[in-house]
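# Chain and residue survey
Chain by chain, the residues:
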Amino acid sequence: MIMTDTDVLAELEELGTDQNRKIYRRHRSGEKVYGVSFANLGHLEKKIKRDHKLAQKLWANGYFEARLLATLSADPNQADEGLIDRWLSDLQGPTLADYFAGFIGKTVFARQKMEQWIVWEDEWIGRVGWSLLGNFSRDDKVLPDSYFEKYLPQIEQHIHTSPNRLKETMNKVLIAIGVRNETLQEKAEAVARRIGKVEVDHGETDCKTPDAIVYIRKTVAHNQAKTEKQKVVKSR
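A quick note: this is a predicted structure, and the numbers were derived from the prediction, not measured. (Residues numbered from 1 in each chain as written. Predicted model: local features only at pLDDT ≥ 70, side-chain atom pairs only at ≥ 80, totals over all residues. Heavy atoms only, no water.)

### Side note on the overall build of the protein chain
Each helix and strand counted, the protein chain has 14 helices and 0 strands in total. From first element to last, N terminus to C terminus, the protein chain shows the α and β order α-α-α-α-α-α-α-α-α-α-α-α-α-α. At 19 Å, the protein chain has a C-alpha radius of gyration in line with the 18 Å of a compact globule built from 236 residues. Restricting to contacts in the protein chain with at least 6 residues of sequence separation, those with at least 24 account for 67%. As presented, the protein chain carries roughly 12900 Å² of accessible surface, and 49% of it is formed by carbon and sulfur atoms. Counting 37 positive and 35 negative side-chain charges, the protein chain places the centres of these two groups 5 Å from one another. (Helix = DSSP H or I, 4+ residues; strand = E, 2+ residues; numbered from the N terminus. Rg over C-alpha atoms; globule rule 2.2 N^0.38 Å. Contact = heavy atoms within 4.5 Å. Areas by Shrake-Rupley, 256 points an atom, 1.4 Å probe, with all protein chains shown as cover. Lys, Arg positive; Asp, Glu negative; His and termini not counted. Charge placed at Lys NZ, Arg CZ, Asp CG, Glu CD.)

### Focus: the packing of helix α4 (residues 52–61) against helix α6 (residues 81–89)
α6 packs onto α4 with a crossing angle of 30 degrees between their chain directions and a minimal axis gap of 12 Å. By the angle class used here, α4 and α6 are roughly parallel. Considering the relative orientation of α4 and α6, their crossing is left-handed. Note on element contacts: α6 touches α4 through L83, R86 and W87, opposite H52, A55, Q56 and W59. Of the residues in the contact of α4 with α6, the class split is 4 nonpolar, 2 polar and 1 charged. (Axes fitted to C-alpha atoms, helices over the stretch in contact; angles between N-to-C directions. Parallel < 35°, antiparallel > 145°, perpendicular 65-115°, else oblique. Left-handed = near helix turned anticlockwise from the far one by under 90°. Nonpolar A, V, L, I, M, F, W, Y, C, P; charged D, E, K, R; others polar.)

### Some words on helix α3 (residues 38–48)
Regarding α3, the residues found buried are L41, L44 and I48. Along α3, the residues classed as buried sweep out an arc of 60 degrees about the axis, all on the same side. With respect to the buried face of α3, the exposed residues turned more than 90 degrees away are A39 and K46. On its buried side, α3 packs onto α1 (5–15), α4 and α5 (64–73). (Buried < 20%, exposed > 50% of the residue type's maximum accessible area, 1.4 Å probe, protein only. Arc of directions from axis to C-beta.)

### A short note on α5
Because each turn of an α-helix spans 3.6 residues, side chains separated by three or four positions in sequence point in the same direction. The element α5 is extensively covered by neighbouring structure, given that 9 of its 10 residues are classed as buried. What α5 keeps buried is the set F64, E65, A66, R67, L68, L69, A70, T71 and S73. Lining the buried residues of α5 we find α1, α2 (18–26), α3, α4, α6 and α7 (94–104).

### Observations concerning the packing of aromatic side chains
For the structure on display, the rule yields 11 aromatic pairs. When the centroid spacing of 5.7 Å and the interplanar angle of 40 degrees are considered together, the rings of W87 and F103 count as tilted. With W87 in helix α6 and F103 in helix α7, this pair connects stretches of sequence that are 16 residues apart. Take W87 and F103: they sit in the same class, and that class is buried. (Phe/Tyr/Trp six-rings, centres within 6.5 Å; stacked < 30°, edge-to-face > 60°.)

### Quick look at unusual backbone geometry
Most peptide bonds are trans, and most residues other than glycine sit at a negative phi. Positioned with a positive phi, R28 is a non-glycine residue whose angle comes to about 60 degrees. Positionally, R28 belongs in the loop between α2 and α3. Unlike most non-glycine residues, K49 shows phi in positive territory, near 60 degrees. Of note, K49 is situated in the loop between α3 and α4.

Now the structure itself:
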């Protein structure tokens, strides 16, 4: 069954709750929220699948959840710079910025846009740029260490003076670079020591800013344990 924007918006309206609306607003998702859980958004995503025209209509709706679904259902192969710039100008809040980064990362513009946006001081545009870099560090196994090393001095120099949620993302990227391999771990931890504690205002939420060194080491240990477990299973 092909879903129309009317179908999707009707489901979003029906699935929303007051409690989720309060939560999303506390997380700076704007006033236009339906209050739909991420579990239900996942079910809707599976129903919609890939539908570029529908995605554009959902984005135009302006509501938080509709725009999240737009980033998940839009076809990255059909994205052009006009669409990217329009959506970029509409960004509001950390979650939508991160979902938008996930979409851009699948397009042919990913590297180009990351390098443009990462120098922006705008809280949301800068966050998208840094989120893209973090995603590259996690997912791109081909990029050399030197590609990521060059951003460590930028993090060290600017993290404490950057806008609140941009600062948060830079800390996450420092962690992502640090868990990429042993060489980058040493360099990232050295930067983290010089940076010290990163203060991020999470508003009326229970979110905490992770200590980069602690989180890097915890993640590396987890990944090593997972690898060893896989080796044992394969050897049986």
